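Chain residues, written in single-letter form:
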Amino acid sequence: MRDERSFDEFYRSTSARTLRYGHAVAGDHGEAQDLVQEAYARAWRQWGRLAQHPAPEAWLRLVVSRLAADRFRRLRSWRTAISRAGPPEDVRPPGEDTVLLVAALRQLPANQRQALALHYLFDMPVDEIAREARVPSGTVKSWLSRGRSRLAELLPGVSAKELEVNDVA
């Protein structure tokens, strides 16, 4: 069984040293924070056994080292793949229509944005969106209708009918 107090005491007494160690291993403070957080999460999951370990802090350092090595290997693989593929193409700045659409979408409630994105960007039918959102189909239809109406209000020169042209609901 896990003893919360002993783990808290372990954390308080070792976290600063472990973070310094993680920074030394990873070479980056933010990366070290991620590594140490993951190591303590793993320690908590195994605290019942780890509390009996003769050197739990050494175990923690080993976990940090292994996590850092895994991330380094993963990054090296990515760098190799990127170097073989060459530099990415330049990305053009977004057009005026894109900027206006994104600004309008940000003004919609999250459920309407989600329904519109799934419906129009992923070509998902209403029933599939309803299953994913765990709501009735009628609710999704309402979100789509209200979202299109609100977008028509927010976008200059666009009517709700124009937004329904490609609708397969």
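The following refers to the structure shown. (Residues numbered from 1 in each chain as written. Predicted model: local features only at pLDDT ≥ 70, side-chain atom pairs only at ≥ 80, totals over all residues. Heavy atoms only, no water.)

Focus: the overall build of the protein chain
Quick reminder of the rule: Under the DSSP-based scheme used, a helix requires at least four consecutive residues in state H or I and a strand at least two consecutive residues in state E, with every element numbered from the N terminus. We compute the radius of gyration from the C-alpha atoms alone; for a globule the expected value is 2.2 Å times N to the 0.38, where N is the number of residues. A 1.4 Å probe rolled over the protein chains alone gives each residue an accessible area, and that area as a share of the maximum for its type sets the label: buried under 20%, exposed over 50%, partly exposed in between. Contacts are residue-level and defined by heavy atoms, with any inter-residue pair within 4.5 Å sufficient. The method behind every accessible area is Shrake-Rupley, applied with a 1.4 Å probe, and residues are considered shielded solely by the protein chains displayed.
Scanning the protein chain for helices and strands turns up nine helices and zero strands. For the protein chain, the succession of helices and strands along the chain, N to C, is α-α-α-α-α-α-α-α-α. Taken over C-alpha atoms, the radius of gyration comes to 25 Å for the protein chain, far larger than the 15 Å a tight globule of 169 residues would show. For the protein chain, the C-alpha atoms occupy an extent of roughly 70 × 45 × 25 Å along the three principal directions. Among the 169 residues that make up the protein chain, the fraction classed as buried is 24%. The contacts of the protein chain with a sequence gap of at least 6 include a subset with a gap of at least 24, amounting to 58%. Carbon and sulfur atoms provide 52% of the accessible area of the protein chain, an area that totals close to 12100 Å².

Some words on helix α2 (residues 29–45)
Along an α-helix, a turn takes 3.6 residues, which lines up residues three or four apart on a common side. Basically, it comes down to this: One less than the number of residues in a helix, times 1.5 Å, gives the span that helix is expected to have. Any pair of N or O atoms that falls within 3.5 Å is considered a polar contact. Within protein, one atom must be able to donate a hydrogen and the other to accept it, and sequence-neighbouring residues count only if both atoms are side-chain atoms.
Here α2 is 17 residues long and its end C-alpha atoms lie 24 Å apart, about the 24 Å a rise of 1.5 Å per residue gives. Where α2 is buried, its residues touch α1 (4–26), α3 (47–50) and α4 (56–85). With a side-chain oxygen positioned 3.2 Å from the backbone nitrogen of Gly30, the residue opening α2 is Asp28.

With respect to the packing of α1 against α2
Formally: Throughout, an axis means a line fitted to C-alpha atoms (over the contacting stretch in the case of helices), and angles, computed between N-to-C directions, take values from 0 to 180 degrees. In this scheme the handedness of a crossing depends on how the near helix is turned from the far one: anticlockwise by less than a right angle means left-handed, clockwise means right-handed. Residue classes follow a fixed rule: Ala, Val, Leu, Ile, Met, Phe, Trp, Tyr, Cys and Pro count as nonpolar, while Asp, Glu, Lys and Arg count as charged, and any other residue, Gly among them, counts as polar.
Here α1 crosses α2 at 145 degrees, and the two axes come no closer than 9 Å. Between α1 and α2 the crossing geometry is right-handed. Contacts between α1 and α2 pair Glu4, Phe7, Phe10, Tyr11, Thr14, Ser15, Thr18, Leu19, Gly22, His23 and Ala26 from the former with His29, Glu31, Ala32, Gln33, Leu35, Val36, Tyr40, Ala43 and Trp44 from the latter. Residue composition of the contact of α1 with α2, grouped by class: eleven nonpolar, seven polar and two charged.

A few points about the nonpolar core
Put simply, the rule is: Put simply, a nonpolar core is a bunch of buried Ala, Val, Leu, Ile, Met, Phe, Trp, Tyr and Cys residues held in one set by side-chain atoms that sit within 4.5 Å of each other.
Counting residues in each nonpolar core, the largest one holds 15 residues, and the members touching the most others are Phe7, Phe10, Ala39, Tyr40, Ala43, Trp59 and Leu60. Breaking this core down by element, the ones donating at least two residues are α1, α2, α3 and α4. For Phe10, the residues in contact, after removing those within four places along its chain, are Tyr40, Trp47, Pro56, Glu57 and Leu60. Grouped together as the second largest cluster of nonpolar side chains are 14 residues, Ala104, Leu108, Ile129 and Leu151 included.

Overview of the packing of helix α7 (residues 126–133) against helix α8 (residues 137–154)
Definition in use: Roughly parallel here means an angle under 35 degrees, roughly antiparallel means over 145, roughly perpendicular means 65 to 115, and every remaining angle is called oblique.
Interaxial distance between α7 and α8 falls to 8 Å at its minimum, and their mutual angle equals 105 degrees. In this view, α7 runs roughly perpendicular relative to α8, as classed from their interaxial angle. Across the interface between the two elements, Val126, Asp127, Ile129, Ala130 and Ala133 from α7 touch Ser137, Val140, Lys141, Trp143 and Leu144 from α8. Taken together, the residues that form the contact of α7 with α8 break down as seven nonpolar, one polar and two charged.

Thoughts on the packing of aromatic side chains
Test applied: Think of it this way: a Phe, Tyr or Trp ring, Trp meaning its six-membered ring, pairs with another when their centres are within 6.5 Å, and the plane angle makes it stacked under 30 degrees, edge-to-face over 60, tilted otherwise.
Scanning the model with the defined rule gives seven aromatic pairs in all. Taking 6.5 Å as the distance between ring centres and 85 degrees as the angle between the ring planes, the aromatic pair formed by Phe7 and Tyr40 counts as edge-to-face. Of the two residues, Phe7 is situated in helix α1 and Tyr40 in helix α2; the sequence distance between them amounts to 33 residues. The class for Phe7 is buried, based on a relative accessible area of 9%. What makes Tyr40 buried here is its relative accessible area of 5%. Connected via pairs of aromatic rings, a cluster forms that spans Phe7, Phe10, Tyr11, Tyr40, Trp44 and Trp47.

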